[in-house]
Amino acid sequence: MKTIPLGGTGLRVPAIAVGCMRVSGMPEEKLDQHLLYCMEQGLNFFDHADIYGGGKCEEVFAASVKRTGLRREDMFLQSKCGIRPGMYDFSREHILSAVEGILKRLNTEYLDMLVLHRPDALMEPEEVAQAFDELETSGKVRHFGVSNHRPSQIALLKKWVRQPICVDQLQFSIPASGMVASGLEVNLDTPGAADRDGAVLDYCRLHDITVQAWSPFQYGFFKGPFVGNREQYPELNQALDQLAEQYGATPTAIAAAWIFRHPANIQLVAGTTSDARMAEIIRGSEIRLERGDWYRLYLAAGNILP
Ligand SMILES: NC(=O)c1ccc[n+]([C@@H]2O[C@H](COP(=O)([O-])OP(=O)(O)OC[C@H]3O[C@@H](n4cnc5c(N)ncnc54)[C@H](OP(=O)(O)O)[C@@H]3O)[C@@H](O)[C@H]2O)c1
């Protein structure tokens, strides 16, 4: 299994994280098989959030770990907090109580990584720093990260937070590649030039923050998969099909390879609940796309090169 450095931690982790947002509806047997399959393949990095399935995703995951006899210490468990009904909340009290809930549902004494899910407009970084210190000192959380944050928000946190911010989890896929487009269309009046993220990709590379790509096979905001969606993405699917043949892989593997080809060592967070699909994504991690093929896919998704 391809591995990548995890931020500045000195750890290496699988380039594919197993996204657990969709596991709550899985039949027990299928979930058990899925976790066993992932672990057998070396995919031991699991991405959760306290809100997935209203907490059920963490619960059914822990129950499956128990049934299958998998060992918690062989896993890297990441979860997120900070989203509450009708608000975001990075207060010290909420972060601490959210982590208690996560640990209970995941049936574990510690989290390998705690991620702040979405920027909270009312964030007081001093409070986040207090919460992180308490969680680190008590041994309840080993590493910290953020999700959907722009560089200035990370910098604001870093002014008070002592622990390194190891990851920023962001939406990234061939059609949802604004992070790349804004860096290619600098200073133009083209739509892709809009700086929607504060050059977060460059910032993360400069500061040893691992970018984790969420919804790597979706377009829009949870609009559905683009792979196989020939009506919406005819050109992209034609290119995926042709390259799949060329590389002896499937279109899904090629879409995954597109993310792995970026030199930022992006960790792909795969949300599939299918072992067969996960096998395709693993295959994608073994493919190094030619430079021209990477750009061809980028253009086929409707992006431009000035
Ligand atoms: N930080 C955030 O704000 C945030 C937001 C969203 C998600 N996430 C994380 O990112 C993970 C992945 O998100 P996601 O599930 O939306 O991403 P995804 O991997 O792009 O999508 C997976 C979903 O697409 C389906 N699918 C259909 N065709 C597919 C194909 N050709 N290749 C792959 N999947 C295909 C899968 O069905 P099958 O199960 O049948 O394969 C599954 O329902 C989540 O589990 C969660 O951990 C984070």
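Reference entry: report on the structure contained in this document. These figures come from a predicted structure and were not determined experimentally.

A word on the overall build of the protein
On a plain count of helices and strands, the protein comes out with eleven helices and twelve strands. In summary, the protein has a C-alpha radius of gyration of 19 Å against a globular reference of 19 Å for 306 residues, a match within 12%. With respect to the three principal axes, the spread of C-alpha positions in the protein is 50 × 50 × 35 Å. Within the protein, counting contacts between residues at least 6 apart in sequence, those at least 24 apart form 74% of the total.

Brief notes about the site of the ligand
What surrounds the ligand is a group of 24 residues, the closest being G19, M21, F217, G271 and T272. Class assignment for the residues of the shell around the ligand results in nine nonpolar, twelve polar and three charged.

Structural notes on the sheet that holds strand β4 (residues 45-47)
Taken in spatial order, the eight strands line up as β3-β4-β5-β8-β9-β10-β11-β12 and close into a barrel, and their pairing is parallel. Across the sheet, the mean angle separating the axes of adjacent strands is 30° when strand polarity is ignored. Across five bridges, strand β10 (residues 165-171) lies against strand β11 (residues 210-214) in parallel orientation. When the sheet's bridge partners are listed, Q171 is paired in β11 with W214.

Overview of the pairing of strand β3 (residues 16-19)
Consecutive side chains along a regular strand alternate between the two faces of the sheet. Where burial is concerned, the two faces of β3 agree: the one with I16 and V18 and the one with A17 and G19 are both buried. In the classification by handedness, the crossover that spans β3, the intervening helix α1 (residues 28-40) and the parallel β4 is right-handed.

Here's the deal with the packing of helix α3 (residues 92-106) against helix α4 (residues 125-137)
Between α3 and α4, the least distance of the axes is 8 Å, while the angle of their chain directions is 30°. The pairing of α3 with α4 is recorded here as roughly parallel in orientation. For the pair α3 and α4, the crossing hand works out as right-handed. Between α3 and α4, the residues in contact are R92, I95, L96 and V99 and E127, V128, Q130, A131, E134 and L135, respectively.

Details of the environment of G10
Positionally, G10 belongs in the loop between β1 (3-5) and β2 (12-14). Accessibility expressed as a C-beta count within 10 Å gives 7 for G10, which makes it exposed. Sequence spacing of G10 and Q163 is 153 residues, and the spatial spacing of their C-alpha atoms is 14 Å.

Observations concerning unusual backbone geometry
In the Ramachandran plot, N148 falls in the positive-phi region, its phi being about 60° despite a non-glycine side chain. Mapping N148 onto the fold places it in the loop between β9 (141-147) and α5 (151-160). For N148, a count of 19 C-beta atoms within 10 Å translates into the label partly exposed. The phi torsion at N187 lies on the positive side, around 70°, for a residue other than glycine. Take N187: it is sitting in the loop between α6 (178-184) and α7 (200-206). Take N187: there are 7 C-beta atoms within 10 Å of it, and that puts it in the exposed class.

A look at helix α10 (residues 275-285)
Taken as a whole, α10 has its buried residues at M278, E280, I281, I282, G284 and S285. Tucked into the core, α10 has its buried residues touching β3, α1, α9 (251-260) and β12 (267-270).

Re the nonpolar core
Ranked by internal contacts, the top residues of the largest apolar core, which has 88 residues, are V99, L114, A213, L236 and L268. Residue contributions to this core peak at eight residues, all from α9. Sequence-distant contacts of L268, defined by excluding residues within four places in its chain, comprise A15, I16, A213, P216, A256, I259, F260 and I281.

What counts and how
Residue positions are given per chain, counted from 1 along the sequence in the order it is written. Confidence filtering applies because this is a predicted model: local features only for residues at pLDDT of at least 70, side-chain atom pairs given and counted only at 80 or more, and all residues used for totals across whole chains, interfaces and linings. Secondary structure elements follow DSSP: runs of H or I of four or more residues count as helices, runs of E of two or more count as strands, with numbering from the N terminus. All radius of gyration figures rest on C-alpha atoms, and the globule criterion is 2.2 Å times the number of residues raised to 0.38. Contact definition: two residues whose C-beta atoms, as placed from backbone geometry, lie within 7 Å. Only the C-beta atom matters for this test: placed from the backbone, it must lie within 6 Å of a molecule or strand for the residue to be near it. Charged residues are taken to be Asp, Glu, Lys and Arg, nonpolar residues to be Ala, Val, Leu, Ile, Met, Phe, Trp, Tyr, Cys and Pro, and polar residues to be all remaining types, Gly included. For two strands to pair, DSSP has to find at least two bridges joining them. Each axis is a line fitted through C-alpha atoms, taken for helices only over the stretch in contact, and angles between the N-to-C directions span 0 to 180 degrees. Buried residues are those with 20 or more other C-beta atoms within 10 Å of their own C-beta, exposed residues have 12 or fewer, and partly exposed residues lie in between; C-beta atoms are placed from the backbone. We call a crossover right-handed when, viewed with the strands running away from us, the connection from the first strand over the helix to the second turns clockwise. Angle categories: roughly parallel below 35 degrees, roughly antiparallel above 145, roughly perpendicular from 65 to 115, and oblique for all the rest. Here a crossing is called left-handed whenever its near helix is offset anticlockwise from the far helix by less than a right angle, and right-handed whenever the offset is clockwise. Nonpolar core, as used here: buried Ala, Val, Leu, Ile, Met, Phe, Trp, Tyr and Cys residues forming one set through C-beta atoms within 7 Å.

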